[in-house]
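# Coordinate inspection notes
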Amino acid sequence: MNKPLRHVGGSILPSSSSRILQPVDTPKGTLQVRVIPELDTHALVARHGNGESLLATHPNGFSCHVLLTELQRGNRAKAEKQIAYILDCGGTARNVDSILHYLSEEA
C-alpha cells in the first residue's frame, strides 16, 4: 500500500532548511517562514506589535522564503510575481496590498 505523499518532511526534494526558517527583522516587523505540519505546509508569518499575521502558505518553504527575500529587498515587482506564483501553484496568500505592506524601502 502506498503512503500518501507529504510535502513537509516526506518529499523527494527538500521543502525547507534550517537557514530559511530563521526570523528576519525588517522595519515593518519580523518575517519568518514556519513549518505547519498539521496542515502539511509552510507559511510566511509577520510578527508585529499587535501579534502575528499569516501572509502566505505553500507546500514548499523555499517559495515562502523567496517572497520574504523580495519583501526584505524592497523589490515590489518580484514580490508580486512570487505572490502570483504561490497562488498559481496551490498556495494561499492574503490580499496583495496586505503583503506588500511589509516591503522594505525600494532600492
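For the structure itself, consult the block above.
First, a word on scope: everything that follows refers to the structure included in this document. Everything numeric here is computed off the predicted structure, so don't read it as measured data. (Residues numbered from 1 in each chain as written. Predicted model: local features only at pLDDT ≥ 70, side-chain atom pairs only at ≥ 80, totals over all residues. Heavy atoms only, no water.)

### A closer look at the sheet that holds strand 2 (residues 29–36)
- In space, the five strands of this open sheet follow the order 1-2-3-4-5, with antiparallel pairing throughout. At either margin of the open sheet sits one strand with a lone partner, and together these are strand 1 (24–26) and strand 5 (92–93).
- Bridging between strand 3 (residues 41–48) and strand 4 (residues 51–58) involves seven bridges; their strand directions are antiparallel. What sits directly across from histidine 48, in strand 4, is glycine 51. (Pairing = 2+ DSSP bridges. Helix = DSSP H or I, 4+ residues; strand = E, 2+ residues; numbered from the N terminus.)

### Digging into the pattern of salt bridges
- The tally for this structure, following the rule as stated, stands at two salt bridges.
- The shortest N-O distance in the salt bridge between glutamate 52 and arginine 34 comes to 2.6 Å. A residue pair is termed long-range when its members are at least 10 positions apart, and glutamate 52 in strand 4 and arginine 34 in strand 2 qualify at 18 residues.
- Between glutamate 70 and arginine 73 there is a salt bridge, with its nearest N and O atoms 3.5 Å apart. Residue glutamate 70 and its partner arginine 73 are both found in helix 1 (residues 61–73); the two are separated by three residues, about one turn of the helix.
- The class of glutamate 70 is buried, set by a relative accessible area of 8%.
- Under the relative-accessibility criterion, arginine 73 is labelled exposed at 53%. (Salt bridge = Lys/Arg side-chain N within 4 Å of Asp/Glu carboxyl O. Buried < 20%, exposed > 50% of the residue type's maximum accessible area, 1.4 Å probe, protein only.)

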